[in-house]
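Observations on the model geometry
Residues per chain, in single letters:
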Amino acid sequence: MKRIAVIGFGFMGLTHTLNILRNKDLELAAIVDRNLDLIEKTIGGKGGNIATGSLDAGILMDINKYTTIKECLDKESIDAVCICVPTAFHYDTAGEALKAGKHVFIEKPLCLDVNQARKLIDLAIEKKRILMTGHVVRFMPPYQKLKKWIDSGEFGDLRFLALSRFSGYPAWGQWKDREVTDNSGGALFDLVIHDIDFAAYLLGSPDNIESTCLPGYISKYDYISAIWSYKNKNAKVSIEGGNTFHASFPFQAGYMANFEKASILYTTMKGDVIHISDDNKVSETEAGDAVEGYYNELAYFTKCIENNIQPVECSPESSLESVNLCYKHIKI
């Protein structure tokens, strides 16, 4: 069993804590947050874009809690950390953990600064530690099914893929703190990166990106509409998303895929099924629970630690490339 500490206890800290507690191969060793009162507020407050579960505060009563990662690393015998602090603080937090010889699971994006991301990757190699970014969409069953259909050619060649992800501007929990929003990277790096990363995971990085970005509450890039094209593939990819809507706007994400033999639709607004259409009929197949992606990614990270191998399904290099691709959507 691997002992792991959660660093940062907002919505994602709570989400990962729930899945650590579910995993028989992991033990929650400690929680770190500069504001320990936030732990109780997070458990009892509004969640994030999607419901990922709830937790009885009593379960955490005997878990050691610290206000700094240094104190945690000095006092706890742990194997790994799960980093859920605002994006601008990823580099310092992950670097401190890696230097202390700990494996690191870090919420996406790896870093906002590509040079800092490169340094973390090099440090993980130097220290022979596992470094993995939580690109959760890769581990969500509805999206894994799409990858299977593309890879197998079951419906013929892929012609067009549209990925979308929208929400109202985040007004819950830590997002009310301007320091958090200012250090998030805005919707491009916090929300739309999910689909940018997944598209690159499926088809590789595009040869050309045509992109339009609009400003919102958090950044200049809170709405993104882009078309990806490839020189050696017939398929094109559309990516659209953002958080420019009012705060109570319902979260929705999904994909539309046009293959030679069928067109496929998945949306979180009806998240239990995937629709498959040909010229004659529409059928449904079970989508699986997208929220299970959060459990699946941590379970995969744990296996990487146990086998002492860097993640293949979510390699540090691919996480760095996803950050690079985000920047390619910005008109300078």
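Up top is the structure these notes are about.
Since we're looking at a predicted model, the values are computed, not measured.

**With respect to the overall build of the protein**
When its secondary structure is counted, the protein shows 10 helices and 14 strands. Computed over its C-alpha atoms, the radius of gyration of the protein comes to 20 Å, within 12% of the 20 Å expected for a compact globule of 332 residues. Considering only C-alpha atoms, the protein reaches an extent of 65 × 40 × 40 Å along its principal axes. Relative to its full complement of 332 residues, the protein shows a buried share of 53%. Within the protein, contacts between residues separated by at least 24 positions form 71% of all contacts whose residues are at least 6 apart in sequence. Surface accessibility of the protein: about 15,000 Å² in total, with carbon and sulfur atoms responsible for 49%. Across the protein, the 36 positively charged side chains and the 43 negatively charged ones have centroids separated by 3 Å.

**Side note on the pattern of salt bridges**
Tallied over the full model, the rule gives 16 salt bridges. The closest approach of N and O atoms between Asp 190 and Lys 108, which form a salt bridge, is 3.5 Å. On the criterion of sequence distance, the pair formed by Asp 190 in helix H8 (residues 186–203) and Lys 108 in the loop between strand E5 (103–107) and helix H5 (114–127) is long-range, its members being 82 residues apart. With relative accessibility at 23%, the residue Asp 190 sits in the partly exposed group. On the accessibility criterion, Lys 108 (8% relative accessible area) is buried. Salt bridges linked by common partners bring Lys 24, Asp 25, Lys 303 and Glu 306 together as one network.

**With respect to the nonpolar core**
Core analysis: the largest hydrophobic core is formed by 77 residues, its most contacted members being Trp 228 and Tyr 255. Residue contributions to this core peak at 12 residues, all from H8. Excluding its chain neighbours within four sequence positions, the residues that come into contact with Tyr 255 are Pro 142, Tyr 143, Leu 146, Trp 149, Leu 161, Ala 162, Leu 163, Ile 264, Leu 265, Tyr 266 and Ile 274. Residues Ile 78, Ala 97, Leu 110 and Cys 111 belong to the second largest nonpolar core, which totals 27 residues.

**With respect to unusual backbone geometry**
Cis peptide bonds are those with omega within 30 degrees of zero, and the linkage from Lys 108 to Pro 109 qualifies with -10 degrees. Positionally, Pro 109 belongs in the loop between E5 and H5. The phi torsion at Lys 128 lies on the positive side, around 55 degrees, for a residue other than glycine. Note that Lys 128 resides in the loop between H5 and strand E6 (131–134).

**Focus on the packing of helix H1 (residues 11–22) against helix H9 (residues 292–307)**
Contact geometry for H1 and H9: axes closest at 9 Å, N-to-C directions at 65 degrees. Considering the angle they form, H1 stands roughly perpendicular to H9. Judged by the sense of rotation from one axis to the other, the crossing of H1 with H9 is right-handed. Residues Met 12, Thr 15, His 16, Asn 19, Ile 20 and Arg 22 of H1 lie in contact with H9, whose contacting residues are Glu 292, Tyr 294, Tyr 295, Glu 297 and Leu 298. Each residue belonging to the contact of H1 with H9 can be placed in one class, and the counts come to 5 nonpolar, 3 polar and 3 charged.

**Side note on the environment of Gly 216**
Among the secondary structure elements, Gly 216 is positioned in the loop between strand E8 (208–214) and strand E9 (223–229). Each C-alpha atom, one on Gly 216 and one on Tyr 169, is 8.3 Å from the other, the two residues being 47 residues apart in sequence. What Gly 216 contacts, discounting residues up to four positions off in sequence, is Asp 222 and Thr 244.

Parameters at a glance
- Residues numbered from 1 in each chain as written.
- Predicted model: local features only at pLDDT ≥ 70, side-chain atom pairs only at ≥ 80, totals over all residues.
- Heavy atoms only, no water.
- Helix = DSSP H or I, 4+ residues; strand = E, 2+ residues; numbered from the N terminus.
- Rg over C-alpha atoms; globule rule 2.2 N^0.38 Å.
- Buried < 20%, exposed > 50% of the residue type's maximum accessible area, 1.4 Å probe, protein only.
- Contact = heavy atoms within 4.5 Å.
- Areas by Shrake-Rupley, 256 points an atom, 1.4 Å probe, with all protein chains shown as cover.
- Lys, Arg positive; Asp, Glu negative; His and termini not counted.
- Charge placed at Lys NZ, Arg CZ, Asp CG, Glu CD.
- Salt bridge = Lys/Arg side-chain N within 4 Å of Asp/Glu carboxyl O.
- Core = buried A, V, L, I, M, F, W, Y, C linked by side-chain atoms within 4.5 Å.
- Axes fitted to C-alpha atoms, helices over the stretch in contact; angles between N-to-C directions.
- Parallel < 35°, antiparallel > 145°, perpendicular 65-115°, else oblique.
- Left-handed = near helix turned anticlockwise from the far one by under 90°.
- Nonpolar A, V, L, I, M, F, W, Y, C, P; charged D, E, K, R; others polar.

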